[in-house]
Amino acid sequence: MTAAEVALRSGSARPMPAVGMGTASPTPVPQEDTKGAVLAAIEAGYRHLDTALMYGTERPLGEAVAEAARRGLVASREELFVTSKLWCTQCHPDLVLPALRQTLQNLQMEYVDLYLIHWPVCMKPGPITWPARREDAVPFDFEGVWRAMEECHRLGLARAIGVSNFTTKHLDRVLAAATIPPAVNQVELNPVWQQRTLREYCAERGIHVAAYSPLGGQDWSGSGEGNAVLESEVLAEIAKARGKTVAQVSLRWIHEQGVTWIVKSYNKERLKQNIDIFGWELTDEDRLKISQIPQKKCVTAAALFSPEGEFTSVDLSDMDIVEE
């Protein structure tokens with residue numbers, strides 16, 4: 001099945017499919033597993049595939065796309081919407097274009113449909129380390145980096161450009177410099193972190209919001225805390241009444257907010273379940289109950305950095321991505 005699509009405000013961009021397959025993982029996954037999962041997703045009907053240099057999944061995702069075209073699962077790469085992201089160590093005006101060229105080489109593609117600045121965080125150039133050292137954080141040149149993103153767009157290497165994990169204050173800084181405004185802001189968003197302020201801000205400015213961690217996300221911090229979405233009693237009660245899974249209720253709620261989403265599952269059955277959110281809807285009562293769920297954010301800028309060391313040239317509050 002093919003899902004609904006959303007038009008992006010960007011000249012040459014194709015519409016973004018409402019549902020997407022993500023490939024981020026807190027622990028390394030064998031490349032063959034990623035390739036197999038992406039192929040399974042394409043087979044199940046997913047047409048938006050999300051990757052990033054940071055995830056180490058660009059290469060297997062590109063191989064899966066090439067194989068899907070060879071096997072006739074899609075007529076060509078053009079049928080798919082592929083997103084990748086610029087990592088913090090590359091958030092320097094002179095490194096943006098080379099970074100995208102490297103991404104395209106990894107993907108074996110001539111363009112990406114969407115290229116995002118991964119975080120409103122800049123680190124000293126160099127190899128990716130996880131977690132990063134606090135002293136490697138440096139001030140972010142929003143204007144210079146965004147101009148370089150616009151150049152990627154003008155060259156046709158990125159059909160649309162945008163950001164990820166940006167709050168309204170970070171977007172203010174990009175919009176002040178932009179001749180091409182960001183088409184998308186991809187952020188953590190689900191019934192437990194609803195991003196009302198940000199969604200309203202983006203709606204007024206024609207920036208489309210895409211959700212990552214739509215099912216509560218993965219435990220990147222190793223805190224061992226439970227998943228507030230999948231363990232939500234409110235969502236469980238609605239799911240039971242509707243004969244759906246908690247995941248389907250969460251994803252349907254996000255879709256009804258006009259937000260597209262990217263969900264990661266390497267399980268074929270769950271991939272099929274997660275896309276089955278069309279042809280039914282939540283009731284007003286369901287929506288009211290969901291609107292009253294206590295809010296809690298999982299991913300923060302501090303999570304990128306080791307707890308040791310000091311921020312010597314930036315303030316963590318400048319990079320903070322928690323916004324009520």
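Computed from a prediction, not measured in an experiment: that's the story for all the values here.

Chemist: Pulling in residues and values, what's your account of helix α5 (residues 168-177)?
Modeler: Of all the positions in α5, only Thr-168, His-170, Leu-171, Val-174 and Ala-177 are classed as buried. Taken together, the buried residues of α5 touch α4 (142-154), β9 (161-164), β10 (184-188), α6 (196-204) and α11 (316-319).

Chemist: So what about the UniProt feature "site: Lowers pKa of active site Tyr" (unreviewed entry) in the chain? Which residues, and what values?
Modeler: In this structure's numbering, the residues bearing the UniProt feature "site: Lowers pKa of active site Tyr" (unreviewed entry) are Lys-85. Position of Lys-85 among the secondary structure elements: in strand β5 (residues 81-86). Of the residues examined, Lys-85 reaches a relative accessible area of 1% and is grouped as buried. Every residue in contact with Lys-85, bar those within four places of it in the chain, is listed here: Asp-50, Thr-51, Ala-52, Leu-53, Tyr-55, Tyr-115, Leu-116, His-118 and Gln-186.

Chemist: Tell me what's going on with the UniProt feature "binding site: substrate" (unreviewed entry) in the chain, and back it up with residues and numbers.
Modeler: Here, the residues flagged by UniProt with the feature "binding site: substrate" (unreviewed entry) are His-118. Topologically, His-118 is positioned in the loop between β6 (114-117) and β7 (122-123). On the accessibility criterion, His-118 (5% relative accessible area) is buried. Residues contacting His-118, with those up to four places away along its chain left out, are Ala-52, Met-54, Tyr-55, Lys-85, Leu-86, Trp-87, Ser-164 and Asn-165.

Chemist: How would you sum up the packing of aromatic side chains? Please name residues and give values.
Modeler: Working definition: an aromatic ring pair is given by the centre-to-centre distance plus the angle between the planes. Considering all chains together, one arrives at three aromatic pairs under this definition. Both rings, one in Phe-142 and one in Phe-166, keep their centres 6.0 Å apart while their planes meet at 85 degrees; by these two values the pair is edge-to-face. Taken together, the residues span a long stretch of sequence, with Phe-142 in helix α4 and Phe-166 in the loop between β9 and α5 at a distance of 24 residues. Judged by its relative accessible area of 6%, Phe-142 is buried. Overall, the relative accessible area of 1% leaves Phe-166 in the buried class. Ring centres of Phe-305 and Phe-311 lie 4.9 Å apart, and the angle between their planes is 85 degrees; this geometry places the pair in the edge-to-face category. In this structure Phe-305 comes out as buried when scored by relative accessible area, which is 4%. The class for Phe-311 is buried, based on a relative accessible area of 17%. Grouped by ring-pair contacts, the aromatic residues Phe-140, Phe-142 and Phe-166 constitute a single cluster. The side chain of Arg-77 reaches across the aromatic face of Tyr-111, ending 4.1 Å from its centre.

Chemist: I'd like a description of unusual backbone geometry, backed by residues and values.
Modeler: Residue Pro-131 follows Trp-130 across a cis peptide bond; omega there is -10 degrees. Note on placement: Pro-131 falls in the loop between β7 and β8 (137-138). Unlike most non-glycine residues, Gln-108 shows phi in positive territory, near 55 degrees. Even without being a glycine, Asn-165 presents a positive backbone phi close to 65 degrees. With respect to the helices, strands and loops of the structure, Asn-165 is situated in the loop between β9 and α5.

Cut-offs and rules
Once a new chain begins, its residue numbering starts again from 1 and follows that chain's sequence as written. Restriction of local features to residues with pLDDT of at least 70 applies here, the model being predicted, together with a cutoff of 80 or more for giving and counting side-chain atom pairs; totals for whole chains, interfaces and linings are based on all residues. Hydrogens and water molecules were not included; the side-chain quantities draw on all heavy atoms of the structure. Summary of the burial criterion: residues with accessible area below 20% of their type's maximum are buried, those above 50% are exposed, and those between are partly exposed, where the area comes from a 1.4 Å probe applied to protein chains only. A run of DSSP states H or I qualifies as a helix once it reaches four residues; a run of E qualifies as a strand once it reaches two. Both are numbered from the N-terminal end. What makes two residues a contact is simply this: any of their non-hydrogen atoms within 4.5 Å. UniProt positions are given in the numbering used here, feature names are shortened, and annotations may be inferred rather than shown by experiment. The rule is short: rings of Phe, Tyr and Trp, with Trp giving its six-membered ring, pair when the centres are within 6.5 Å, and they are stacked under 30 degrees, edge-to-face over 60, tilted in between. Either the NZ atom of lysine or the CZ atom of arginine qualifies as a charge over a ring when it sits within 6 Å of the ring centre and within 35 degrees of the ring normal.

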